[in-house]
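Structural overview
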Amino acid sequence: MSRVLVIGCGGVASVAIQKCCQADEVFTELCIASRTKEKCDALSRKLEGKTKTVITTAKVDADDVNQLIQLINSYKPDLVMNIALPYQDLTIMDACLACGVNYMDTANYEPEDTDDPEWRAIYEKRCKEAGFSAYFDYSWQWAYRKKFEEAGLTALLGCGFDPGVTQAYCAYALKHEFDQIDTIDILDCNGGDHGYAFATNFNPEINLREVSAPGSYWENGHWVEIPPMAIKREYDFDQVGDKDMYLLHHEEIESLAQTIPEVKRIRFFMTFGQSYLDHMRCLEDVGMLSTTPINYNGQEIVPIQFLKALLPDPASLGPRTKGKTNIGCIFTGVKDGQEKTYYIYNVCDHQECYKEVGSQAISYTTGVPAMCGALMMLTGKWIRPGVYTVEEFDPDPFLEALDKYGLPRSENHNPELVD
Ligand code: NDP
């Protein structure tokens, strides 16, 4: 028996909500609240008669802490699932603290306005000290650790697939497969084809910022930063085939470097087709990926937001996308004095996802872990006062839930390694 408030009703949230409704013995009451209430109402109608979960909807601007506090105090949830955008992480955490409610999200904080001088000063200091220049990092949310501890509340950060499941795979490898992990390569392959020359699989603003940023990896206790897309490898993915993949900075590297400090190297690779890269480079060259507003005919326009309005809505890609995703981690290390390798991954079929919940595999592979993370919290398995990332909790019940709710693991004890 639980009451859950979900904030956001986009691609990922709509999957997470539908999956929560499949576990209606735990998610007994759910309030879907977002900026555009009509989307919440439409999803609520879609679920009518299909679940015992009692669903209500609300309108909220999650940039406004007071509105959030009002909503949380009136609904009185056991948990707030933040599945809006990373821009809202801190306001929602503040509201949860003010109301005494547990918190979770799927992506770490980044500011909407990266030109804000106050934020920029802290960011530039961090770039110098830490050695990577991504706009997002854990420092903002880790700064809430003491507050959550003192309030006796749990905050679970980044519980999607990557970050999220990839960290649970690391915790699982450490618990069951290795005495010591030496290297981790996280491989994110999307072998899906939507038939458009260019489209992003989730929120274009967040996606394009991530991909156009410098790459970086963790090696021997420090960050190594490289120009965007400077390291390319080819990999033969199970059930997908050969794909080009590129080294990116990714948020879970930052937390894994702290929670598994003996690891010598952690890298993250994502596959991209040539058409995607050519379009992205061109858009970047002409300034369309900028977040700095320009004045056009007396109207202020943020180029990347304008681009978002032109691109296909990620939610509309579902019926068109065919093929599979394959996301997982390859480890090298030692067990019982012997060197060994291990690969744990999930393969997910875009069309199967569409048949089940009406969206493609990218939203599915993020929404299902969000629901499973919430399930861990609501059933008391992942409750501990403070602010935590996924690898800090027991991976076993979480991976069992993922197996059950649509993202089963596959394993390979003799995988091809990435050089
Ligand atoms: P969408 O853009 O599809 O949805 C975002 C939702 O948040 C929309 O419903 C939007 O409302 C709502 N929202 C935005 N701003 C506000 C606000 N100020 N107040 C209230 N609601 C707001 O994004 P996705 O579903 O693709 O992504 C959701 C999250 O998942 C993001 O944080 C993303 O970074 C993360 N993610 C994580 C992954 C992982 O593996 N860990 C992978 C993919 C995504 P409106 O409908 O009005 O626009």
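In this report, the structure presented in the accompanying data block is examined. Everything numeric here is computed off the predicted structure, so don't read it as measured data.

Here we take up the overall build of the protein. The secondary structure content of the protein amounts to 15 helices and 18 strands. In terms of overall dimensions, the protein has C-alpha extents of about 55 × 55 × 45 Å along its principal axes. Residues classed as buried in the protein amount to 59% of the 419 residues present. Summarising the internal contacts of the protein: among those between residues at least 6 apart in sequence, 74% fall at separations of at least 24. Total accessible area on the protein is roughly 17100 Å²; 49% of this is exposed by carbon and sulfur atoms.

Take the pattern of salt bridges next. For the coordinates displayed, the defined rule picks out 18 salt bridges. Three or more residues are tied together by salt bridges with common partners; here these are Lys175, Asp394 and Asp396.

Next up on the list: the packing of aromatic side chains. Within this structure, the stated rule accounts for 21 aromatic pairs. On the basis of an interplanar angle of 15 degrees and a centroid distance of 4.7 Å, the ring pair of Trp119 and Tyr123 is categorised as stacked. In this pair, Trp119 and Tyr123 are both assigned in helix H5 (residues 117–130), 4 residues apart and thus about one turn of the helix distant. Judged by centre distance (5.3 Å) and plane angle (25 degrees), the rings of Phe272 and Tyr276 are stacked. Across the pair, exposure class does not vary: Phe272 and Tyr276 are buried alike. In this structure an aromatic cluster arises from ring pairing among Phe198, Tyr246, Phe272 and Tyr276. Across from the ring centre of Tyr144, 4.7 Å away, lies the NZ or CZ of Lys147, which sits over that ring. Above the ring of Tyr172, the side-chain terminus of Arg409 is found at 5.4 Å from the ring centroid.

Close to the ligand lie 28 residues; Arg35, Thr36, Lys39, Ala62 and Asn203 are nearest. Taking Lys39, its side chain carries an N or O atom lying 2.6 Å from an oxygen atom of the ligand. Take Asp61: an N or O atom from its side chain is 3.1 Å from a nitrogen atom of the ligand. In isolation the ligand exposes 940 Å². Once the protein is present, 92% of that is buried. For the shell around the ligand, the residue count by class is 13 nonpolar, 10 polar and 5 charged.

This part covers the nonpolar core. Judged by nonpolar contacts, the single largest core of 94 residues is most densely connected at Phe27, Met81, Ile184, Phe331 and Phe398. Examining the composition of this core, we find that 10 residues originate from one element, helix H14 (residues 361–378), more than from any other. Aside from chain neighbours lying at most four places away, what touches Phe27 is Ser2, Val4, Cys20, Thr53, Met371, Ala374, Leu375 and Leu378.

Before going further, it helps to spend a moment on a negative patch on the surface. A cluster of acidic residues, Asp61, Asp63, Glu112, Asp113, Asp115, Asp116 and Glu118, forms a negative patch at the surface. By secondary structure assignment, the location of Asp115 is in the loop between strand S5 (102–105) and H5. For Asp115, a relative accessible area of 35% translates into the label partly exposed.

Our next topic: unusual backbone geometry. When glycine is set aside, most residues are seen to have a negative phi, and most peptide bonds are trans. The residue after Asp162, namely Pro163, is reached through a cis peptide bond having omega 10 degrees. Examined against the element boundaries, Pro163 turns out to sit in the loop between strand S6 (154–157) and helix H8 (165–177). Although it is not a glycine, Lys76 adopts a positive phi angle of roughly 55 degrees. Looking at where Lys76 falls in the secondary structure, it is placed in the loop between helix H3 (65–75) and strand S4 (79–82). Residue Lys76 is classed as exposed on the basis of its relative accessible area of 58%.

Another aspect to go through is the packing of helix H13 (residues 350–357) against H14. At a closest axis distance of 8 Å, the pairing of H13 and H14 adopts a crossing angle of 65 degrees. By the angle class used here, H13 and H14 are roughly perpendicular. With respect to the hand of their crossing, H13 and H14 are arranged in left-handed fashion. Contacts between H13 and H14 involve His350, Cys353, Glu356 and Val357 on the former and, on the latter, Ala361, Ile362 and Tyr364. For the contact of H13 with H14, a count of residues per class yields 5 nonpolar, 1 polar and 1 charged.

Now for helix H9 (residues 204–212). In terms of burial, H9 is largely enclosed, as 9 of its 9 residues are buried. Within the sequence span of H9, burial applies to Pro204, Glu205, Ile206, Asn207, Leu208, Arg209, Glu210, Val211 and Ser212. Structurally, H9 contributes buried residues whose contacts are with strand S12 (265–271), helix H11 (274–285) and helix H12 (303–310). Between the side-chain oxygen at the start of H9 and the backbone nitrogen of Glu205 there is a gap of 3.1 Å, and the oxygen is on Asn203.

Now for the environment of Leu283. Considering the arrangement of structural elements, one finds Leu283 in helix H11. Separated by 20 residues in sequence, Leu283 and Pro303 have C-alpha atoms that sit 10.0 Å apart. Filtering out sequence-adjacent residues up to four positions away, Leu283 remains in contact with Phe198, Met288, Leu289 and Leu307.

Note on terminology: a disulfide is the covalent bond linking the sulfur atoms of two cysteines. Per the stated rule, a full pass over the model turns up 0 disulfides. No disulfide involves Cys96; its sulfur sits 7.3 Å from that of Cys99, the nearest cysteine. Under the relative-accessibility criterion, Cys96 is labelled buried at 0%. The closest cysteine sulfur to the non-disulfide-bonded Cys329 is located on Cys170, 4.3 Å from its own sulfur. What makes Cys329 buried here is its relative accessible area of 0%.

Reading guide: rules and limits
Residues numbered from 1 in each chain as written. Predicted model: local features only at pLDDT ≥ 70, side-chain atom pairs only at ≥ 80, totals over all residues. Heavy atoms only, no water. Helix = DSSP H or I, 4+ residues; strand = E, 2+ residues; numbered from the N terminus. Buried < 20%, exposed > 50% of the residue type's maximum accessible area, 1.4 Å probe, protein only. Contact = heavy atoms within 4.5 Å. Areas by Shrake-Rupley, 256 points an atom, 1.4 Å probe, with all protein chains shown as cover. Salt bridge = Lys/Arg side-chain N within 4 Å of Asp/Glu carboxyl O. Phe/Tyr/Trp six-rings, centres within 6.5 Å; stacked < 30°, edge-to-face > 60°. Lys NZ or Arg CZ within 6 Å of the ring centre and 35° of its normal. Near = heavy atom within 4 Å. Polar contact = N/O pair within 3.5 Å; in protein donor to acceptor, adjacent residues only side chain to side chain. Nonpolar A, V, L, I, M, F, W, Y, C, P; charged D, E, K, R; others polar. Core = buried A, V, L, I, M, F, W, Y, C linked by side-chain atoms within 4.5 Å. Patch = residues over 30% accessible without salt bridge, like charges linked within 9 Å, V, L, I, M, F, W, Y side chains within 5 Å. Lys, Arg positive; Asp, Glu negative; His and termini not counted. Charge placed at Lys NZ, Arg CZ, Asp CG, Glu CD. Axes fitted to C-alpha atoms, helices over the stretch in contact; angles between N-to-C directions. Parallel < 35°, antiparallel > 145°, perpendicular 65-115°, else oblique. Left-handed = near helix turned anticlockwise from the far one by under 90°. Disulfide = S-S within 2.5 Å.

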